[in-house]
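# Commentary on secondary and tertiary structure
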Amino acid sequence: QVQLVESGGGLVQAGGSLRLSCAASGRTFNGYGIGWFRQAPGKEREFVAAITWSGVTTYYADSVKGRFTISRDNGKNTVYLQMNSLKPEDTAVYYCARKSGTGSYYIGPYDYWGQGTQVTVSS
């Protein structure tokens, strides 16, 4: 069974930090890129960051570049999203997803998704 499980969300003040984790089963994870997306209330889901299987190449939305860092530990089947200098506009449910096919990491396709973790940034 394919599973992606996010954790690490919570409530933080503006300027603070959080680290999200995306834990995957072995078959889900090995050989695949992983992306992070977020969806705020009343808004479309948007791309946040992604990382290739090797971890050599990363991609970021302009809105988080310089503040967020994506990384992965293939030995632990886990991808991380370190979020620093958080802003109220970063408030959203954050999802990780497995990249499939050969399309753009910014667009997809992504075929398996986690259930999401809530991040709330207070001003």
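A brief look at the structure comes next. Quick caveat: nothing in here was measured; it's all calculated off a predicted structure. (Residues numbered from 1 in each chain as written. Predicted model: local features only at pLDDT ≥ 70, side-chain atom pairs only at ≥ 80, totals over all residues. Heavy atoms only, no water.)

Turning next to the packing of aromatic side chains. Enumeration over the complete set of coordinates arrives at eight aromatic pairs. A ring pair is formed by Tyr-59 and Tyr-106, whose centres lie 5.5 Å apart and whose planes are at 80 degrees; its orientation type is edge-to-face. Residue Tyr-59 is located in strand E6 (residues 58–60), and its partner Tyr-106 is located in the loop between strand E9 (92–99) and strand E10 (110–113); the two are separated by 47 residues in the primary sequence. Aromatic ring contacts, followed pair by pair, group Phe-37, Phe-47, Tyr-59, Tyr-105, Tyr-106, Tyr-110 and Trp-113 into a single cluster. The lysine or arginine in question, Arg-45, covers the ring of Phe-37, its NZ or CZ lying 5.9 Å from the ring centre. A cation over an aromatic ring shows up here: Lys-99 above the ring of Tyr-105, its NZ or CZ 5.2 Å from the ring centre. (Phe/Tyr/Trp six-rings, centres within 6.5 Å; stacked < 30°, edge-to-face > 60°. Helix = DSSP H or I, 4+ residues; strand = E, 2+ residues; numbered from the N terminus. Lys NZ or Arg CZ within 6 Å of the ring centre and 35° of its normal.)

Our next topic: the sheet that holds strand E1 (residues 4–7). The sheet built from four strands is open, its strands ordered E1-E3-E8-E7 with antiparallel pairing. Looking at which strands have only one partner, the edges of the open sheet turn out to be E1 and strand E7 (68–73). Ignoring strand direction, the axes of neighbouring strands in this sheet form an average angle of 15 degrees. Two strands pair when backbone bridges link them, and strand E3 (residues 18–24) and strand E8 (residues 78–83) are joined in this way by six bridges, in the antiparallel orientation. Across the sheet, residue Arg-19 finds its bridge partner in E8, namely Gln-82. (Pairing = 2+ DSSP bridges. Axes fitted to C-alpha atoms, helices over the stretch in contact; angles between N-to-C directions.)

A separate point is the state of the cysteines. The final tally for this structure, using the stated rule, is one disulfide. One disulfide in the model links Cys-22 with Cys-96; its S-S distance is 2.1 Å. Judged by the sign of its S-S torsion, about 70 degrees, the bond between Cys-22 and Cys-96 is right-handed. One end of the pair, Cys-22, is in strand E3; the other, Cys-96, is in strand E9, and 74 residues separate them in sequence. Neither Cys-22 nor Cys-96 differs from the other in exposure class; each is buried. (Disulfide = S-S within 2.5 Å. Buried < 20%, exposed > 50% of the residue type's maximum accessible area, 1.4 Å probe, protein only.)

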